[in-house]
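Secondary and tertiary structure notes
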Amino acid sequence: MLIENIIGAFGEVVQVKIMLLMALGVLSGLVAGAIPGFTITMAVVLTLPFTFGLSTIEGLATMIGVFVGGLSGGLMSGILTGIPGTPSSVATTFDGFPMARKGRPGLALGIGVWSSFMGGIFSAILLMTLAPQLARIGLEFGPWDYFSLVLFALTITASLAGENLTKGLIAGALGLLVATIGEDDINGVARFNFGTDALKQGFAFLPVLVGLFAFSQLMSDVQDSATARKPLMEKGAKAVRVEHLAAIKALAGDWVNLIRSSLIGVFTGILPAAGGSISNILAYDQAKKASKRPQEYGTGCPGGIIASESANNATAGGALITMMALGIPGDVVTAVMLGALLIHDVVPSPSFIGEQPVLAYSIFLAFFLSNFLMLGTQAIALRAFLLVTRIPMYMLAGVILAYCAIGVFALHNVTFDIWTLFWFGMIGYVMRQLGFPLAPMILGVVLGGIAEVNLSRAVAISGDLTLFVTRPWSLFFLIIAIFSIVFPWYQKHRGRKQWTLGFLPALCLALAPPLFMMGGVTRPIVGGLLVAVGAWLLVSRHRQGWKLTAPVEHAARLEET
Amino acid sequence: MVSAINRDTAVAVFLLLFCGVFYAASFQIEQTSYGTIGADVWPRLVLGVLFVLSTVYLFQSVRMGPDEAVKQKGFLVRYRNAILCYGLFLVFLLTLDFLGMLLGGVLFVFMALSVLGERTPRQLAIHAGVAVVSVGAMWSIFTFALRVILPEGEVLSIW
């Protein structure tokens, strides 16, 4: 079945036009990802309007190309200048930049590119095999479970998005409120239109997203006139020859690190809210701990680059697994990707992979092939990146603002969408200035409709609200939602307050009951394992006299970067 | 200069007022005889959550105490570029029907670049070139390649 679907998708994707579009997408993503101040989300958002006129597979393949390219682009500036192009490649600079300064920039780039490639391929294989399995689990979900899943996605995004959890949760609630404006999906009644016809249809998702994210980001980038007028990179990165063979040898010699980091990347991506910006640090930390020569990390060690780059590219596959199988975007980039899919009439859900296997596998295959294209176009992207870095930020910002206006107009051919872009551009900018994270708001806008529809369905099926806590999956998501709310305090006080020692055992023990309630064989076994791990953690901490140990922090290094 | 309240308190109060306005507006939502839950239930639930969170935020901000107020001049200098860009974008939007996307876009980019960058004759010429080429290229791609009918504007339609 898997092979049949892949062969079917192969015929759809492997066409000259689609491959060229994908290569163009990868190249755009690589260059945009390499520019500090630009994010992968920005690259994906700005490419989207160009795909409106393309067929579904052409458009999606292009978008996936941008996504993959963006993830790998950050390493170029990180290695050559010490400034990571995207948050996903922060840890790459820890060893990439020192290696480049030692006179081996070609090797550092080679290791980065090949690690990105291997991480991407690894996660693409897992995407093809795991997404259908997760979709099968998703078919078990009732509206109660979906509602709780959305709640969990919002709470974890709020808790991971910024320093202040309250601000994160407020941003999420504001996003949910924005999604209620206009005609509701269930009763067809206009809400909060304040007497205006334009608001009866509500806000289109993409202008809101482009405004909140791209417009406000550009305004933040040009806030300081002196900085905005300077070329993007004053350090003047020079073109180098990528040492492919030496890089492959380095990877072959550290394959355990490669696989471990790729796995960390995939599983971080599967979790809602935890994207490449987290996985690269996690993988770097684990690689350093597992290394026989941890003291070499930070001085130009190949293992550091391998860990960071394989993890951040693998995260993309993980994030796509959740989105394609459950229809729930895990972070802002996948929220934009979901928007791209919806524009092309593709609605990911648990039944989507089963009902439209060729289309689903075409998306998976496009992701797989994009990694090869990334490898092939890196040299061209490097040259383009060196050219782009000579342009001052204010020029890019001015041009992109006009482009945003044209792009959002092209969505529905209505001027109201440009007004939406303008208003949400201002809201996003003000929120940034006030320290509100935007990711929870964006997810709130995307997930608001899903939450409401499922709440309505749940109430329609039964008026019994206890079903939200008696259905195993719903209870499971509610428990992790509660723990995700406590997580910022746990992170803040870890190693300093004794209650933090009980956080992980409590999480393990709390998650076990819903798994037992699910029945079958595997899940109760997993539940039993969780009880065993929780009990073991409790016993070992009791034996150590609940002694606190300070966690290893990368904050100082991150600040330096 | 020390303000009586801190910035977060002001934001929290604004959010509470915002909740009040939307809560009042939720009574304008039409009640239907069909559907299991009314169209006003979910928005009110969200508003309830937002109200509770804003109240928590208010208490947190009050506990932090007053903060240093940003001087008016500092505020304007700091946000000058953003205010000007949003202003120019607003003008672009208001004149869109008259100037159209092509002409309006070129003017917007030229003005934005000139406001953000240096204004020497050489730079102004570069800004004009960048504006014409970039907006012209984008307009051509969307009009001819993607077949999107962009607003033509009264000026160009007369010509």
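Residues numbered from 1 in each chain as written. Chains lettered and ligands numbered in written order. Predicted model: local features only at pLDDT ≥ 70, side-chain atom pairs only at ≥ 80, totals over all residues.

**A word on the overall build of chain B**
Formally: Working definition: helices are DSSP H or I runs of at least four residues, strands are E runs of at least two. Numbering for both runs from the N terminus. Atoms counted for the radius of gyration: C-alpha only. Globule rule: 2.2 Å times the number of residues to the power 0.38. Counting other C-beta atoms within 10 Å of a residue's own tells you its class, since 20 or more makes it buried, 12 or fewer makes it exposed, and anything in between is partly exposed; those C-beta atoms are placed from the backbone. A pair of residues counts as a contact when their C-beta atoms, built from backbone coordinates, are within 7 Å of each other.
Within chain B one finds six helices and zero strands. For chain B, the C-alpha radius of gyration of 24 Å lies well beyond 15 Å, the compact-globule estimate for 159 residues. With the principal axes as the frame, chain B shows a C-alpha extent of 55 × 55 × 25 Å. Each of the 159 residues in chain B was classed as buried or not, and the buried ones make up 33%. Across chain B, every contact between residues at least 6 apart in sequence was considered, and the portion connecting residues at least 24 apart equals 68%.

**Here we look at the overall build of chain A**
Across its full length, chain A carries 25 helices and two strands. In summary, chain A has a C-alpha radius of gyration of 23 Å against a globular reference of 24 Å for 561 residues, a match within 12%. When the backbone C-alpha atoms are referred to their principal axes, chain A occupies close to 65 × 65 × 50 Å. Counting only residues that meet the buried cut, chain A has 59% of its 561 residues in that class. In chain A, the proportion of contacts linking residues at least 24 apart, taken out of those at least 6 apart, comes to 79%.

**Topic: unusual backbone geometry**
Across the chain, the bulk of peptide bonds are trans and the bulk of non-glycine residues have phi less than zero. Residue and element names in this part refer to chain A. We note that Asp345 has phi near 60 degrees; this positive angle belongs to a residue other than glycine. Position of Asp345 among the secondary structure elements: in the loop between helix H15 (332–343) and helix H16 (352–355). Classification of Asp345 by C-beta neighbours within 10 Å gives exposed; the count is 8. Even without a glycine there, the phi angle at Asn413 is positive, about 60 degrees. Within the fold, Asn413 resides in the loop between helix H18 (393–412) and helix H19 (416–433).

**Here's the deal with the interface of chain A and chain B**
Defined as follows: Asp, Glu, Lys and Arg are counted as charged, while Ala, Val, Leu, Ile, Met, Phe, Trp, Tyr, Cys and Pro are counted as nonpolar; the rest, among them Gly, fall into the polar class.
Counting residues at the interface gives 47 residues for chain A and 51 residues for chain B. Listing elements by their share of the side of chain A that touches chain B, those giving two or more residues are helix H8 (165–180), helix H10 (225–229), H18, H19 and helix H20 (439–461) of chain A. Its residues assigned to classes, the side of chain A that touches chain B shows 33 nonpolar, 10 polar and four charged.

**Describing the domain arrangement of chain B**
What counts here: Boundary definitions for the domains trace back to an automatic or database domain assignment.
Entries for chain B in the domain assignment read domain 1 (7–64) and domain 2 (72–158). Taken over C-alpha atoms, the centre of domain 1 of chain B sits 37 Å from the centre of domain 2 of chain B.

**What to know about helix H23 (residues 503–517) of chain A**
Residues and elements named next belong to chain A. In plain terms, the rule: A helix is expected to span 1.5 Å multiplied by its residue count minus one.
Taking 1.5 Å per residue, 15 residues should reach 21 Å; H23 reaches 23 Å between its end C-alpha atoms and fits that length. The set of residues buried in H23 consists of Leu507, Cys508, Ala512, Pro514 and Leu515. Following H23 by one or two positions, Gly519 adopts a phi angle in the positive range, close to 75 degrees.

**What about the confidence of the model for chain B?**
Detailed reading of the predicted coordinates is not advisable wherever pLDDT is low. Stated formally: Confidence of the predictor in every single residue is expressed as pLDDT, which spans 0 to 100.
Here chain B averages 88 in pLDDT, and 91% of its residues register 70 or above. Predicted complex, confidence summary: ipTM 0.92, pTM 0.84.

**Quick look at the domain arrangement of chain A**
For an interface, size is often stated in terms of accessible area lost upon the parts coming together. Residue and element names in this part refer to chain A. With domains assigned, chain A is organised as domain 1 (2–456) and domain 2 (464–560). Taken together, the contacts link 17 residues of domain 1 with 17 residues of domain 2. For the side of domain 1 that touches domain 2, the secondary structure elements donating two or more residues are helix H5 (90–101), helix H7 (143–161) and helix H13 (276–290). A total of nine residues in the side of domain 1 that touches domain 2 trace back to one element, the largest contributor, which is H7. Its residues assigned to classes, the side of domain 1 that touches domain 2 comprises 10 nonpolar, four polar and three charged.

**Describing the nonpolar core**
Condition: Note on definitions: a nonpolar core is a set of buried residues drawn from Ala, Val, Leu, Ile, Met, Phe, Trp, Tyr and Cys, linked by C-beta atoms within 7 Å.
Of all hydrophobic cores here, the largest spans 234 residues; its most connected members are A:Val44, A:Phe67, A:Ile442 and B:Val109. Per element, the largest residue contribution to this core is 17 residues, and it comes from H18(A). Once residues within four sequence positions are removed from consideration, A:Ile442 is found in contact with A:Gly175, A:Leu209, A:Leu212, A:Phe213, A:Val332 and A:Ala335.

**A closer look at the packing of helix H6 (residues 105–138) of chain A against helix H12 (residues 255–270) of chain A**
Residues and elements named next belong to chain A. Heads up, the rule is: Axis definition: a line fit to C-alpha positions, over the contact stretch in the case of helices; interaxial angles, taken between N-to-C directions, run 0 to 180 degrees. Throughout, the term roughly parallel applies to angles under 35 degrees, roughly antiparallel to angles over 145, roughly perpendicular to angles from 65 to 115, and oblique to all others. A crossing counts as left-handed when the near helix is turned anticlockwise from the far one by less than a right angle, and as right-handed when that turn is clockwise.
As a packed pair, H6 and H12 sit with axes 9 Å apart at the nearest point and diverge in direction by 55 degrees. Judged by the inter-axis angle, H6 sits oblique to H12. In this structure, H6 crosses over H12, and the sense of that crossing is right-handed. Counting all contacts with H6, which are made through Ser115, Met118, Gly119, Phe122, Ser123 and Leu126, the residues of H12 involved are Leu258, Ser261, Ser262, Gly265 and Val266. Residues of the contact of H6 with H12, tallied by class, amount to five nonpolar, six polar and no charged.

**Description of the packing of helix H1 (residues 2–13) of chain A against helix H17 (residues 357–388) of chain A**
All names here are of chain A. Between H1 and H17, whose axes approach to 8 Å, the crossing angle comes to 70 degrees. One finds that H1 runs roughly perpendicular with respect to H17. Where H1 approaches H17, its residues Asn5, Ile6, Gly8, Ala9, Phe10, Glu12 and Val13 are matched on the opposing element by Pro357, Val358, Tyr361, Ser362, Leu365, Ala366 and Leu369. Residue classes in the contact of H1 with H17 are distributed as 10 nonpolar, three polar and one charged.

**What to know about helix H1 (residues 7–26) of chain B**
Selection rule: Our arc is simply the arc of the directions from the helix axis toward the C-beta atoms.
Helix length check: H1(B) (20 residues) gives 28 Å between terminal C-alpha atoms against 28 Å at 1.5 Å per residue, within 8%. When H1(B) is considered as a whole, its buried residues turn out to be B:Asp8, B:Thr9, B:Val11, B:Ala12, B:Leu15, B:Cys19 and B:Phe22. Buried residues in H1(B), looked at end-on, bunch into an arc of 160 degrees, giving them a common side. Residues of H1(B) that are exposed and point over 90 degrees away from its buried face: B:Phe14, B:Leu17, B:Gly20, B:Val21 and B:Ala24. Contacts made by the buried residues of H1(B) are with H8 of chain A together with helix H2 (41–64) of chain B.

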